[in-house]
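Notes for the structure review
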Amino acid sequence: MRATCWNGTRNIQVERVPDPQIVNASDAIVKITSTAICGSDLHLYNGFIPTMKRGDIMGHEFMGEVVETGKGVKNLKVGDRVVVPFPIACGHCAQCEREMYSLCENSNPNAWMAEKMWGYSPCGIFGYSHMLGGYAGGQAEYARVPFADVNPLKVPEELDDEQVLFLSDIFPTGYMAAEACGIQPGDTVAVWGCGPVGQFAIKSAYMLGAERVIAIDRFPYRLRMAHDKAGADTINYEECDIFEALEEMTGGRGPDHCIDAVGLEGHAPGIHGAYDKMKTVMMMETDRPVALRQAILACRSGGTVSVAGVYGGFIDKFPMGAIVNRSLTIKSGQTHVQRYMRPLLKRIQDGEIDPSFVITHRINLSDAANGYEIFAKKQEECMKVVMKP
Amino acid sequence: MAERYAHDSSASASIEPLSIALGWFSLALGAAELIAPSRMARLIGAPDDESTRNTLRAFGAREIGAGIAILAQPDRARWLWSRVGGDALDLAWLGRRMADANSENDRLGMAAAAVAGVTALDVYAAQRLNRAGAQPAAKRRGVKVEQVVTINRSADDLYQYWRDFKNLPRFMRHLNAVEVIDQRRSRWTAAAPAGMSVRWDAEILQDREGEWIAWRSLPGSQVENSGSVRFTPAPGARGTEVRVQMEYLPPAGQMGRVLAMLFGEEPEQQIREDLRRFKQLMETGEIPLSDGPSMWRAAQPAKRAGQIREMAGVSE
Ligand SMILES: NC(=O)c1ccc[n+]([C@@H]2O[C@H](COP(=O)([O-])OP(=O)(O)OC[C@H]3O[C@@H](n4cnc5c(N)ncnc54)[C@H](O)[C@@H]3O)[C@@H](O)[C@H]2O)c1
Ligand SMILES: [Zn+2]
Ligand SMILES: [Zn+2]
């Protein structure tokens, strides 16, 4: 089959690789009909996440048709149309029972690597480094899906791929980020990053009762979508001081909750940017927590900072003093996608939201390398790339 | 926790992640200095001339050497100290460059402060590792390993599965087979490289249903060993805590060879992985396999599904 392979930093190629086969009795093989590139993939693409190996198949946002099931699979049959959540969960461990699926204790065969970095290991993730399992990803023609009774969600025929594909990751991710804020009537939520995750965080914050959402980015086309499609007020951080702008817009209180939808490749103009760049080049820190620092400082005392953006390692100049002295709550996590798929599918069916609004590029899988490049460089007003094998 | 006799390695276990992070740091810094010396020079504010570039390249080679060594060597402490030496070199060089008229002193100052920060970490890690490994190697005879895992099943279920010793090779990687001879005795076969194997007979010493099992090899075995497993309910219906203790004492002289053969370089890690597999098997009914176990192969399907099983040492 054809698959999108990582061959080093900013080196993606579509290659011929063997077709997947059933390895575990609980596996299913899915013939992929739609697959997307995520902001998280950019962290691999740009070389920020260790334990990648030449030839690793990328991709964790995908859906398709079941073409084969292992002998232990009961809930799925050949021909079922499914969306596959990016965290691989076993459904039986204590974390899965608590619906903390991205913390599944059994799905990462390479858990020892994650334990060295982070103390304990989270779940395995499709196409997301060996430290997180070494599973082949879904930017390919086929994928092997472990624990097939637990993970894939069957989706109704009347909804097309583009409407349900993002149940695999970014819609639940934006939703979980907003839910973590514990939004109360009258609350203002500020969202750093107007990428796909940011867009869904804005939409979700409104669904959960926010009075007002303020979105922050520097790309006018992304701010425009946040405003026109998701209903946010917007600030371009290159045109003003974010802290002052937020203070002004919230009557001096600060936003009640702040969502970081940027992650470890935060961009900053001026001295801050240079500082983190140097620190990461010298490996004094692995991540550039520009947005996170701002979110913490800007948040109203007693508010919540919800971190959906991915961080991998160590950060520097983390304003712990602000957190302690102003009673801030930090919430984070890889999304427990399985927990949100059904309720969010219902919202789609009820016509409350059509997640396809973020799609700007539809390309063939063979053009994946180009898709990565324009998405990474934010060219051609690229917001979300969906690929068809 | 693993312990080689007369040698407490708990400090070594907890310092490991830090030294690994420093290993990564060395590799990355080294790569940057080697590959992009001009960029590094500009970043740290030193004049971008041939002498700066050459110095940075030399530092880069040193960093990469130290990085690989830290990550690959069991004796990390020594290499961490080589990092400390490296940091001192960096500091001295940065100090000299700061006096240079072409340098932007602020940036160099920042770089120096950064390196100094790492030096503090290096010294800390190296000292802890030194303390941990202070015992002379001659005293290390045999291995004693203790590991614990919590499993989301009842103590009875876990006990039943374990008590049927022929199940052990399903999750204990170094075992080929355990043949049950009678209520007390069993015959164990462990894999060795080149298709060879070691065999010994064992007897059960203690057996308390649903609580614990202890066994040991019969006198005169090629590899003297003993083990025990204890099942205790975790608080608040959190499943069962499974504590395993295993001790291996090969005949004098052969120790290194036999132990390396049975457990590879890290017996502690091996038993830990065995317990992880026991947990997977008990909670999910299988041992999930990925396409890229460790860093051995890329995460893409194998031509033959069996290939991945063989690599991971998991039978059907
Ligand atoms: N927690 C999870 O489970 C999960 C799931 C999916 C994605 N993510 C993470 O969410 C993040 C965003 O993903 P995405 O797909 O939207 O990526 P994206 O690259 O499309 O969007 C990131 C946006 O952040 C903006 N940005 C950069 N620096 C900024 C700053 N200082 N202030 C404000 N905005 C800034 C960029 O301009 C860009 O528009 C990534 O880190 C990704 O890994 C997390
Ligand atoms: Zn994603
Ligand atoms: Zn689980």
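In every chain, residue numbers begin from 1 and rise along the written sequence. Labels are handed out in written order, letters beginning with A for the chains and numbers beginning with 1 for the ligands. In keeping with the predicted nature of the model, local features appear solely for residues at pLDDT of at least 70, side-chain atom pairs appear and are counted solely at 80 or more, and the whole-chain, interface and lining totals rest on all residues. The side-chain figures draw on all heavy atoms in the structure; neither hydrogens nor water molecules are used.

What to know about the coordination of the zinc ion (ligand 3)
All names here are of chain A. For clarity, the threshold we go by: For Na, K and Ca the donor cut-off is 3.2 Å; for every other metal, N, O and S atoms count as donors within 2.8 Å. Water does not enter the count, which can leave sites looking incomplete. Here a site with four donors is tetrahedral if all angles are between 85 and 135 degrees, and a site with four or six donors is square planar or octahedral if opposite donors are over 155 degrees apart and the other angles are between 65 and 115; anything else gets the irregular label. Partly exposed residues are those whose accessible area sits between 20% and 50% of the maximum for their type, while under 20% is buried and over 50% is exposed, using a 1.4 Å probe and protein chains only.
Cys-90 (SG), Cys-93 (SG), Cys-96 (SG) and Cys-104 (SG) make up the full set of protein donors to the zinc ion (ligand 3), lying at 2.3 to 2.4 Å. Viewed at the metal, the 4 donor atoms of the zinc ion (ligand 3) are separated by angles of 100 to 117°, and the geometry they form is tetrahedral. Its relative accessible area of 0% is what places Cys-90 among the buried residues.

Examining the sheet that holds strand 12 (residues 212-217) of chain A
Residue and element names in this part refer to chain A. The line we're drawing: Two strands pair under a simple rule: DSSP has to find at least two bridges between them. Helix and strand assignments follow DSSP, with helices taken as H or I runs no shorter than four residues and strands as E runs no shorter than two, numbered in order from the N terminus. Angles shown run from 0 to 180 degrees and are taken between the N-to-C directions of axes, each axis being a line fitted to C-alpha atoms and, for helices, limited to the stretch in contact. We call two residues in contact when some of their heavy atoms are within 4.5 Å.
Strand order across the open sheet formed by 6 strands is 13-12-11-14-15-16, with parallel pairing between neighbours. Looking at the sheet topology across the chains shown, the edges are occupied by strand 13 (233-236) and strand 16 (329-332). On average, each strand axis in the sheet is tilted by 20° relative to the strand beside it, whichever way the strands run. Relative to strand 16, strand 15 (residues 304-307) runs parallel, the two sharing 4 bridges. Bridging across to strand 16, Thr-304 finds its partner in Thr-329. Packing against the sheet, helix 6 (residues 196-207) makes contact with strand 11 (188-192), strand 12 and strand 14 (257-260), and its axis sits at approximately 170° to strand 12.

Quick word on the packing of helix 6 of chain A against helix 7 (residues 220-228) of chain A
Residues and elements named next belong to chain A. Formally: Angular relationships are summarised with four words: roughly parallel below 35 degrees, roughly antiparallel beyond 145, roughly perpendicular across 65 to 115, and oblique for the angles in between. Here a crossing is taken to be left-handed if its near helix is turned anticlockwise relative to the far helix by less than a right angle, and right-handed if that turn runs clockwise. Charged means Asp, Glu, Lys or Arg here, nonpolar means Ala, Val, Leu, Ile, Met, Phe, Trp, Tyr, Cys or Pro, and polar covers whatever is left, Gly included.
Where helix 6 meets helix 7, the axes come as close as 10 Å, and the angle between the chain directions of the two elements is 20°. As far as their axial angle goes, helix 7 and helix 6 are roughly parallel. The handedness of the crossing between helix 6 and helix 7 comes out as right-handed. Only Arg-222, Met-225 and Ala-226 of helix 7 make contact with helix 6, whose side of the interface consists of Pro-196, Gln-199 and Ile-202. Of the residues that constitute the contact of helix 6 with helix 7, the class distribution is 4 nonpolar, 1 polar and 1 charged.

What to know about a negative patch on the surface
Defined as follows: Patch membership requires over 30% relative accessible area and the absence of a salt bridge. Like charges are linked within 9 Å, and nonpolar side chains (Val, Leu, Ile, Met, Phe, Trp, Tyr) within 5 Å. Per-residue accessibility takes into account occlusion by the displayed protein chains alone, with areas from the Shrake-Rupley method and a 1.4 Å probe. A pair is scored as a salt bridge if a Lys or Arg side-chain nitrogen falls within 4 Å of a carboxyl oxygen belonging to Asp or Glu. Only four residue types enter the tally: Lys and Arg on the positive side, Asp and Glu on the negative side; His and the chain ends are excluded. The atoms used to mark charge sites are NZ of Lys, CZ of Arg, CG of Asp and CD of Glu.
Together, Asp-241, Glu-244, Glu-247 and Glu-248 of chain A make up a negatively charged patch on the protein surface. With respect to the helices and strands, Glu-248 of chain A occurs in helix 8 (residues 242-249).

Looking at unusual backbone geometry
One can expect most non-glycine residues to show negative phi and most peptide bonds to be in trans. Residues and elements named next belong to chain A. Of note in the backbone geometry, Phe-147 takes a positive phi value of approximately 45° without being a glycine. Along the polypeptide, Phe-147 turns up in the loop between strand 9 (142-145) and strand 10 (153-154). A residue is classified by how much of its surface remains accessible, and Phe-147, at 4% relative accessible area, is buried. The phi dihedral of Lys-378 falls on the positive side, at around 55°, and the residue is not glycine.

Things to note about the coordination of the zinc ion (ligand 2)
All names here are of chain A. Taken together, the protein ligands of the zinc ion (ligand 2) are Cys-38 (SG), His-60 (NE2) and Asp-169 (OD), with distances of 1.8 to 2.2 Å. Counting the intervening residues between successive donors of the zinc ion (ligand 2) yields the motif C-x21-H-x108-D. Of this pair, Cys-38 sits in the loop between strand 3 (28-36) and helix 1 (39-45) while His-60 sits in the loop between strand 4 (56-57) and strand 5 (61-69), and the two are 22 residues apart along the sequence. In terms of burial, Cys-38 and His-60 fall into one category: buried.

A short note on the packing of helix 3 (residues 111-118) of chain A against helix 9 (residues 267-284) of chain B
Where helix 3 of chain A contacts helix 9 of chain B, the two axes come as close as 11 Å, and the packing angle between them is 115°. Counted together, Ala-111, Trp-112, Glu-115 and Lys-116 of chain A of helix 3 of chain A and Gln-269, Arg-272, Glu-273 and Arg-276 of chain B of helix 9 of chain B form the full contact between these two elements. Of the residues belonging to the contact of helix 3 of chain A with helix 9 of chain B, the class tally is 2 nonpolar, 1 polar and 5 charged.

Description of the domain arrangement of chain A
Residues and elements named next belong to chain A. We count it as follows: Domain delimitation follows an automatic or database domain assignment. Once two parts are put together, the accessible area they lose, assessed with a 1.4 Å probe and summed over both, is termed the buried area. What qualifies as a polar contact is a pair of N or O atoms within 3.5 Å, subject to a donor-acceptor requirement within protein and to the restriction that residues adjacent in sequence count only when both atoms come from side chains.
The domains assigned to chain A are domain 1 (2-169 + 335-388) and domain 2 (171-332). Once you take the C-alpha centre of each, domain 1 and domain 2 turn out to be 25 Å apart. In this assembly, domain 1 packs against domain 2 so that about 2700 Å² is buried in total across both faces, 70% of it on carbon and sulfur atoms. For domain 1, the biggest contributors to the area lost against domain 2 are Phe-48, Phe-357 and Met-383; these three give 26% of the whole. On inspection of domain 1 and its partner domain 2, the count reaches 1 salt bridge. Close ionic contact of Glu-381 with Arg-224 constitutes a salt bridge, the shortest N to O distance being 3.8 Å. The interface formed by domain 1 and domain 2 includes 11 residue pairs in polar contact (both at pLDDT 80 or more). At the level of secondary structure, the elements contributing two or more residues to the side of domain 1 that touches domain 2 comprise helix 1, helix 3 and helix 12 (337-349). Of the residues forming the side of domain 1 that touches domain 2, the biggest block, 6 residues, is contributed by helix 12.

Digging into the nonpolar core
We count it as follows: Here the nonpolar core consists of buried residues drawn from Ala, Val, Leu, Ile, Met, Phe, Trp, Tyr and Cys, with membership extended through side-chain atoms lying within 4.5 Å.
Counting 100 residues, the largest nonpolar core has Phe-166 and Leu-167 of chain A as its most contacted members. In contact with Leu-167 of chain A, other than residues within four places in its own chain, are Val-83, Leu-153, Pro-172, Val-337, Met-341, Leu-344, Leu-345 and Ile-348 of chain A. Among the nonpolar cores identified, the runner-up in size contains 43 residues, and Val-149, Tyr-159, Leu-168 and Trp-188 of chain B belong to it.

Some words on the environment of Gly-186 of chain A
All names here are of chain A. With respect to the element layout, Gly-186 can be found in the loop between helix 5 (170-179) and strand 11. Classification of Gly-186 by relative accessible area gives partly exposed; the value is 40%. Gly-186 sits 11 residues away from Val-197 along the chain, and the two C-alpha atoms are 23 Å apart. For Gly-186, the contacting residues outside a window of four places in its chain are Glu-211 and Asp-256.

What to know about the layout of surface pockets
Once rolled over the atoms, a probe with the size of a water molecule shows which space is left empty. Stated precisely, the cut-off is as follows: A cavity here means a set of points on a 1 Å grid, drawn over the protein atoms and nothing else, where a 1.4 Å probe fits but cannot get out; a pocket is an open set with protein on both sides within 12 Å along at least five of seven lines, and a residue lines either one if it has an atom within 4 Å of a point. Grid points are joined across faces, edges and corners, and a volume is the space filled by probe spheres set on the points.
Approximately 460 Å³ is the volume attributed to the second largest pocket. Looking at the second largest pocket, it is lined by 27 residues, and the ones nearest its centre are Asn-24, Ala-25 and Ser-26 of chain A together with Gly-285 and Glu-286 of chain B. Among the secondary structure elements, those contributing two or more residues to the lining of the second largest pocket are helix 9 and helix 10 (305-312) of chain B. By residue number, the principal contributor to the lining of the second largest pocket is helix 10 of chain B, which donates 3 residues. Grouping the constituent residues of the lining of the second largest pocket by class yields 11 nonpolar, 9 polar and 7 charged.

Quick look at the sheet that holds strand 4 of chain A
Residue and element names in this part refer to chain A. Taken together, 3 strands build an open sheet; the order of strands is 2-1-4 and the sheet is antiparallel. Pairing within the sheet leaves two strands with one partner each, and these edge strands are strand 2 (12-16) and strand 4. Here strand 1 (residues 2-6) pairs with strand 2 via 5 bridges, running antiparallel. Paired with Trp-6 across the two strands is Ile-12, which belongs to strand 2.

Thoughts on the pattern of salt bridges
If you walk through the whole model with that rule in mind, you get 31 salt bridges over all chains. Across the salt bridge formed by Arg-144 of chain A and Asp-291 of chain B, the nearest N and O atoms sit 3.7 Å from each other. Here Arg-144 of chain A, found in strand 9, pairs with Asp-291 of chain B, found in the loop between helix 9 and helix 10, and the two come from separate chains. Comparing Arg-144 of chain A with Asp-291 of chain B shows no difference in burial state: the two are buried. Of the charged contacts, one joins Glu-162 of chain A and Arg-362 of chain A as a salt bridge, the two residues approaching to 2.6 Å between their closest N and O atoms. With a gap of 200 residues between them, Glu-162 of chain A in helix 4 (residues 161-164) and Arg-362 of chain A in strand 17 (residues 361-364) connect regions that are remote in the sequence.

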